[in-house]
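Letter by letter, the chains look like this.
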Amino acid sequence: MDYTIKGCDIIVHEPDLDLDDTLDCGQAFRWRKTESDHFCTYTGSFVNDRLTVSQVRKGEFIFHNTTEADFLSKWYGYFDFDTDYSELKRCFSEDETLSKACSFAGGIRLLRQDSWECLISFIISQNNNIPRIKGIIDRLCCNYGDNFPTAEQLAQETPDSLGYLRSGFRAKYLCDGAYRVHSGSTDLTAIAEAPIEKARASLKAIKGVGPKVAECVLLYGMHRVEAFPIDVWIKRVLAEYYPDGFPDYIRDNAGIAQQYLFHYIRNLKD
């Protein structure tokens, strides 16, 4: 990745990024595609930092109205620009199925999200579709002045007071997660650094956090790239192509490989 400064914008050149693949693949829920004169433009948030980013053409992007300091301190890390995805895809492509998946959606990158925002987002995601997840999160942020609430703020809520979210059974899980994080009984920083099995167990102590949500929080909110969320699509991939499990050389980055496989199998199933 390299970048230049042009007025109030940062111009980024990165061949291993596609905004549609990355921002609309179900790993983050606060990005919206907007009308523009460019190939595509998205506006979204990382906690309470907001950004509009456009893809001009393959491999070229405009980070609008962004200082170099903000780009380097926030968005460089968020878009995981310090990871060599070309090398990852080269390694993955030694496997026939992953080779097809990487060719199909080679612009996917793993977003480095905030662990608290990610936890709440994926509690909301349970048995839900992406438009509805986005709607619930929009209503939550709107209630807090278009900001994502802190654990302290959300811990003051009750399932009844969260009725405006129209989140159903998930409201009581949101309250439990907020209480645990605010009280310190769930330490997200410590979980991020813990051995993977201990981290999984700690997250699953939160009401409503099962294996899939725990893996999503580890992968998307803590950048534990060995985490491996399994939904109905990935179950099909595993059953059809990997009945004996992933090759050993992929397992350390299984979560990133899963992103390519999920997008491929969901959109281009033979």
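Scroll up to find the structure.
Below: a short report on this structure.

The rules we used
- Residues numbered from 1 in each chain as written.
- Predicted model: local features only at pLDDT ≥ 70, side-chain atom pairs only at ≥ 80, totals over all residues.
- Heavy atoms only, no water.
- Salt bridge = Lys/Arg side-chain N within 4 Å of Asp/Glu carboxyl O.
- Helix = DSSP H or I, 4+ residues; strand = E, 2+ residues; numbered from the N terminus.
- Buried < 20%, exposed > 50% of the residue type's maximum accessible area, 1.4 Å probe, protein only.
- Contact = heavy atoms within 4.5 Å.

## As for the pattern of salt bridges
Across all of its chains, the model carries 17 salt bridges by this definition. Its salt-bridge partner being Arg109, residue Glu14 comes within 3.6 Å of it at the nearest N-O pair. On the criterion of sequence distance, the pair formed by Glu14 in the loop between β2 (9-13) and α1 (19-23) and Arg109 in the loop between α4 (96-104) and α5 (115-124) is long-range, its members being 95 residues apart. Arg109 gets classed as buried once you look at its relative accessible area, which sits at 0%. With a shortest N-O distance of 3.0 Å, Glu117 and Arg30 are connected by a salt bridge. You can see Glu117 sitting in helix α5 and its partner Arg30 sitting in the loop between α1 and β3 (31-34), a full 87 residues away along the chain. Grouping residues by exposure puts Glu117 and Arg30 together as buried.

## Quick look at the side chain of Ser115
Within the secondary structure layout, Ser115 lies in helix α5. In this structure Ser115 comes out as buried when scored by relative accessible area, which is 18%. Once residues within four sequence positions are removed from consideration, Ser115 is found in contact with Leu188, Val217, Gly221 and Met222.

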